[in-house]
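Examining the three-dimensional arrangement
What follows is the residue order along each chain.
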Amino acid sequence: MQRFFVTLLIIISMIFITVYFYSVPVIKKKVFEIERNSSAIALNSVFSLANKMYADTKKYRSQALESHKKRLRTVVDLADSFFDSAVAEARRNGLSEKQARQVAFEQLRSFKYGDNDYIWIADQHGILLSHPDPRYQGKDTATLHSQEGDSEVRAVIDLALRQGEGFYQYKWNRLDSEKPLDKVSFVKNFPDKGFVIGSGVYLDDLDADIEQIRNEALIELREGIRDIKIASTGYLFVFDASTNMLIHPNSNIAGKNFLKLTNPVTGNSIAEDLIQVADTGKELYYKWDRPDDPGNYSYEKLSLVRYLPGFDWYICSSVYVDELRSSAELLTERIITIAVIALFVALLLMLLFSQWITQPIKRLADTAVRVSEGELSAKSGIRRDDEVGLLAYTFDTMVERLRDSIKNLDSKVEQRTHALAEKNQQLIIASESMASAKEALAQSEQRQRQILDALPAQIAYLDTCLNILFVNRVFAETYHQDKASMINKPLQQAIGETCFNHIQWQLQSALRGQQTAGEYTEPLQQRQVICKRTLIPCFNPDNKVNGILILTFDITSEKDAERQLNEAQRMNAVGQMAGGLAHDFKGIRI
């Protein structure tokens, strides 16, 4: 029992040591990777949120611009309607057409809407007929040049004259400013009136709205990032392409430019190092201080960086390496503690189990020794309601059956020997009968081959691939070959290309299950012989073609007899005709 206990103790200890050295390092590595991946997951979640904010901003800009375009189209149409009504009103007051148009142009100069937006009108030569700014009223747009020296307004007017109407983007200053700004205008040509009407919106108005939305998104993102923790004290932060720190939990850095902060590991600007690893999938390794140990830049950190081009932001994660390892270390300590407790409990259970198991097993082993020495009446005497008891009961029962089996074994062996002798005799008789049948079958087949060779006909049997399986002597002699050499040879090779082409149609019909017959002539011993070839398809039990039988007969004699019979019949007919004519001539003389 002591040896059994020591063996179990060694086995369990070895299992524990093996599991520890092979599993714990892997577990530590996996836990470290899980903690490390949590940093990437948090970063990607915030990046997705910021990207969605940018998508919403971009969608808003597109929708706002489209709304402004619809309003510009409406404004131009209203200006056209107003012009018509103003001209009509002036004409009713006794003004000429030219004077009435001038009154309408002056009234439209004071027409304002939105953020000091206005309407302008130019004739087909590019002269501004109506413009709220006195500097441009009556001016030729060809003389109005941008800072690049281009006459952009004149180009827009020319496009509208050619295209009829459209939206055009160019640079133009506000009424109260000299600075050119991006502007989108809707310009429509009215050829019956001889001018174009245009009105536009400055894109900086849209950009101001977008900037407001961007700031609101930044505030919302700051609120979302504030509660995110990676490991114990890890965090996320955001800076823009100008290295301005937009979001950071450290108030000493947030809102400031950190380009001059140095990475102690590389000696470079930490902002530049972060930008270089953006979206590469690689982590930036650097050293930094801790909140509880400021100024001591000796603590290892890892940072992942994602770049959001829409907002021109860099979103980063930052976590201390020792915090990533702390979870793995804690898990390792717990595994060791649990393993030690489990080992102690296992040893205690092994001691109890060995006492419970080894005693009945030893008793059963002694009984087995007695049985092996020939004492078939020996029994273990163990009565228990567990597996050991079942084993002892089974062993005792087996010994009893063994004893009975030995008594009956001799008689059964004798009976089986007699039965085997009878079966062996029957097998010998059956073998001799089979050999006789096989010999008779071979003789029958030989007689059939001799009969087929003796027939005055060409006989061949093909498989469905048109390979020869059997030919008789006449067939082989016709093609001047040996019977054995033609077996398994393709028919086309055996009879030649010309003859094969003559019977190609019959072969195809036979493969489709149709029997065909045809006559042909061929030279034989300096004379022409007439032959009749019949192709008969053979079928398997499934009624599918599995072979073709070729029968060829020389029918030259039959054809000669038929020809002689026909000649005799013609001569008989001629004689009868001659007799009739003689009788007729005789009657005429009389």
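Here the residue numbers are simple positions, counted from 1 along each chain's written sequence. In view of the model being predicted, local features appear only for residues whose pLDDT reaches at least 70, and side-chain atom pairs are presented and counted only at 80 or more, with totals across whole chains, interfaces and linings using the full set of residues. Side-chain descriptors were evaluated using all non-hydrogen atoms of the structure, hydrogens and water having been removed beforehand.

**Concerning the sheet that holds strand 13 (residues 468-471)**
Rules: By definition, two strands form a pair when at least two bridges between them are found by DSSP. Secondary structure counts use DSSP, requiring at least four H or I residues in a row for a helix and at least two E residues in a row for a strand, with both numbered from the N terminus. As a rule, the C-alpha atoms of each element are fitted with a line to give its axis, helices using only the stretch in contact, and angles between N-to-C directions run from 0 to 180 degrees.
Strand order in the open sheet formed by five strands is 13-12-16-15-14, and the pairing between neighbours is antiparallel. Unpaired on one side and paired on the other, strand 13 and strand 14 (516-523) mark the two borders of the sheet. Neighbour to neighbour, the strand axes of the sheet diverge by 20° on average, direction disregarded. Here three bridges tie strand 12 (residues 457-462) to strand 13, and the two strands are oriented antiparallel to one another.

**Digging into the packing of aromatic side chains**
Formally: Between the rings of Phe, Tyr and Trp (Trp by its six-membered ring), a pair exists once the centres lie within 6.5 Å; its type follows the angle of the planes, with under 30 degrees stacked, over 60 edge-to-face, and the other angles tilted.
In total, this model carries 13 aromatic pairs according to the counting rule given. Between Phe105 and Phe195 the ring centres are 5.8 Å apart and the planes differ by 75°, which places this aromatic pair in the edge-to-face class. Taken as a pair, Phe105 in helix 2 (residues 97-109) and Phe195 in strand 6 (residues 195-202) lie far apart in primary sequence, 90 residues in all. Seen in terms of ring centroids, Phe237 and Phe239 are 6.5 Å apart; in terms of plane orientation they differ by 20°. Their pairing is stacked.

**So, the sheet that holds strand 8 (residues 245-247)**
What the five strands build is an open sheet, ordered 8-7-11-10-9; its pairing is antiparallel. Strands at the two margins of the open sheet, each flanked by one partner only, are strand 8 and strand 9 (284-288). With direction set aside, neighbouring strand axes in the sheet form an average angle of 35°. Here eight bridges tie strand 10 (residues 299-308) to strand 11 (residues 313-320), and the two strands are oriented antiparallel to one another.

**Some words on the pairing of strand 5 (residues 180-190)**
Defined as follows: The cut-offs for exposure are 20% and 50% of the maximum accessible area for each residue type, with area from a 1.4 Å probe on protein chains only; residues under the lower value are buried, those over the upper are exposed, and the others partly exposed.
Within strand 5, eight of the eleven residues are buried, which leaves it mostly tucked inside the rest of the structure. Here strand 4 (residues 165-173) pairs with strand 5 via nine bridges, running antiparallel. In the sheet register, Tyr170 faces strand 5, and the bridge partner there is Lys183. Between the end of strand 4 and the start of strand 5, which pair antiparallel, lie six residues. Summarising the sheet, strand 5 and strand 6 pair through eight bridges and their orientation is antiparallel. Residue Ser185 lies in a different strand from strand 6, and its bridge partner there is Gly200.

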